[in-house]
Amino acid sequence: MAFREILHYPDPRLRIQALPVARVDQEIRGLIRDMAETMYKAPGIGLAATQINVAKRVVVIDISPDHNDLRVFVNPVIVHSEGVYGIEEGCLSVPGIYEEVERAQKVRVEALDGTGARFQLEAEDLLAVCIQHEIDHLDGKVFVDYLSRLKQQRIRKKLEKQQRLAM
Ligand code: GNR
Ligand code: NI
């Protein structure tokens, strides 16, 4: 297992549209292991492959306090969504920024699991938000995109400055 470096906004690689996974093979299972390690170490409640510079439609999520409920979504698709819900979101690719975003309150997602088996899951509230946030990453979107232009500009400047100082 290996920790992988997380890309930070406004890195243009966060804008790449991830490609569907043809087969959940050894390589994808290795990627899933690295993603889980990276998410737990960060720590975060979700991670999309896009964030570690892999343009494949793979997401890991664990919203449990004890880090013992890992969920894997390969090629996830939201097949139904309803309601409106918003919480203050954060993102490992946008460190230190927390803003509320309007999302669906409930989603039904279809995906492949870590063995390649197809499943559907109905999720609400935090888990539903996390699934929507991660699928956005696979489509090259970041939660900051939902904020006003002024807020986006401030966040971009702040993070660019942090990244300059970190060099
Ligand atoms: O760790 C994370 N917390 C979080 C909180 C509210 C809404 C979404 C998230 S996802 C985030 C991890 C991350 O950046 N995933 O892409
Ligand atoms: Ni994120």
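Residues numbered from 1 in each chain as written. Chains lettered and ligands numbered in written order. Predicted model: local features only at pLDDT ≥ 70, side-chain atom pairs only at ≥ 80, totals over all residues. Heavy atoms only, no water.

So, about helix H3 (residues 149-165). Look at H3: 24 Å from first C-alpha to last across 17 residues, which is about the 24 Å you get at 1.5 Å a residue. Of the residues making up H3, those classed as buried are Gln152, Ile155 and Leu159. In a view along the axis of H3, the buried residues occupy a sector of 70 degrees, so they form one face of it. Counted as exposed and oriented over 90 degrees from the buried face of H3: Arg149, Arg154, Lys157, Arg164 and Leu165. (Helix = DSSP H or I, 4+ residues; strand = E, 2+ residues; numbered from the N terminus. Expected span 1.5 Å × (residues − 1). Buried < 20%, exposed > 50% of the residue type's maximum accessible area, 1.4 Å probe, protein only. Arc of directions from axis to C-beta.)

Glancing now at the packing of aromatic side chains. Within the structure shown, the criterion is met by one aromatic pair. Their ring planes at 45 degrees and their centres at 5.8 Å tell us that Phe73 and Phe119 sit as a pair that is tilted. Of this pair, Phe73 sits in strand S3 (residues 71-82) while Phe119 sits in strand S7 (residues 118-124), placing them 46 residues apart in sequence. Above the plane of the ring of Phe3 lies Lys41, whose end atom (NZ or CZ) is 4.4 Å from the centre. (Phe/Tyr/Trp six-rings, centres within 6.5 Å; stacked < 30°, edge-to-face > 60°. Lys NZ or Arg CZ within 6 Å of the ring centre and 35° of its normal.)

Below, the discussion takes up the sheet that holds strand S2 (residues 58-61). Paired through their backbone hydrogen bonds, the strands of a sheet run either parallel or antiparallel. Sheet architecture is open: five strands sit in the order S1-S2-S3-S6-S7, paired in antiparallel fashion. In this open sheet, the two strands that pair with only one neighbour each are strand S1 (46-48) and S7. Across the sheet, the axes of successive neighbouring strands diverge by a mean angle of 40 degrees, strand direction being ignored. As paired strands, strand S6 (residues 106-112) and S7 are joined by seven bridges and run antiparallel to one another. In the strand pairing of S7, Val107 is matched with Ala123. Contacts from helix H2 (residues 125-138) reach S1, S2, S3, S6 and S7, with the element oriented near 125 degrees to S7. (Pairing = 2+ DSSP bridges. Axes fitted to C-alpha atoms, helices over the stretch in contact; angles between N-to-C directions. Contact = heavy atoms within 4.5 Å.)

On to the site of ligand 1. Near ligand 1, the surroundings consist of 14 residues, among which Ile45, Gln51, Leu92, Glu134 and His137 are the closest. A distance of 3.1 Å separates a nitrogen atom of ligand 1 from a polar backbone atom of Gly46. A distance of 3.1 Å separates an oxygen atom of ligand 1 from a polar atom in the side chain of His133. Notes on ligand 1: free accessible area 390 Å², of which the protein chains cover 90%. Judged by its atoms lying within 2 Å of the grid points, ligand 1 is housed in the largest pocket. Sorting the residues of the shell around ligand 1 by element identifies strand S4 (85-89) and H2 as the ones contributing at least two each. Counting residues per element, the shell around ligand 1 draws most heavily on H2, at four residues. When its residues are assigned to classes, the shell around ligand 1 shows five nonpolar, six polar and three charged. (Near = heavy atom within 4 Å. Polar contact = N/O pair within 3.5 Å; in protein donor to acceptor, adjacent residues only side chain to side chain. Areas by Shrake-Rupley, 256 points an atom, 1.4 Å probe, with all protein chains shown as cover. 1 Å grid on protein atoms, 1.4 Å probe; cavity = no way out; pocket = protein on both sides within 12 Å on 5 of 7 lines; lining within 4 Å. Sits in = over half its atoms within 2 Å of the grid points. Nonpolar A, V, L, I, M, F, W, Y, C, P; charged D, E, K, R; others polar.)

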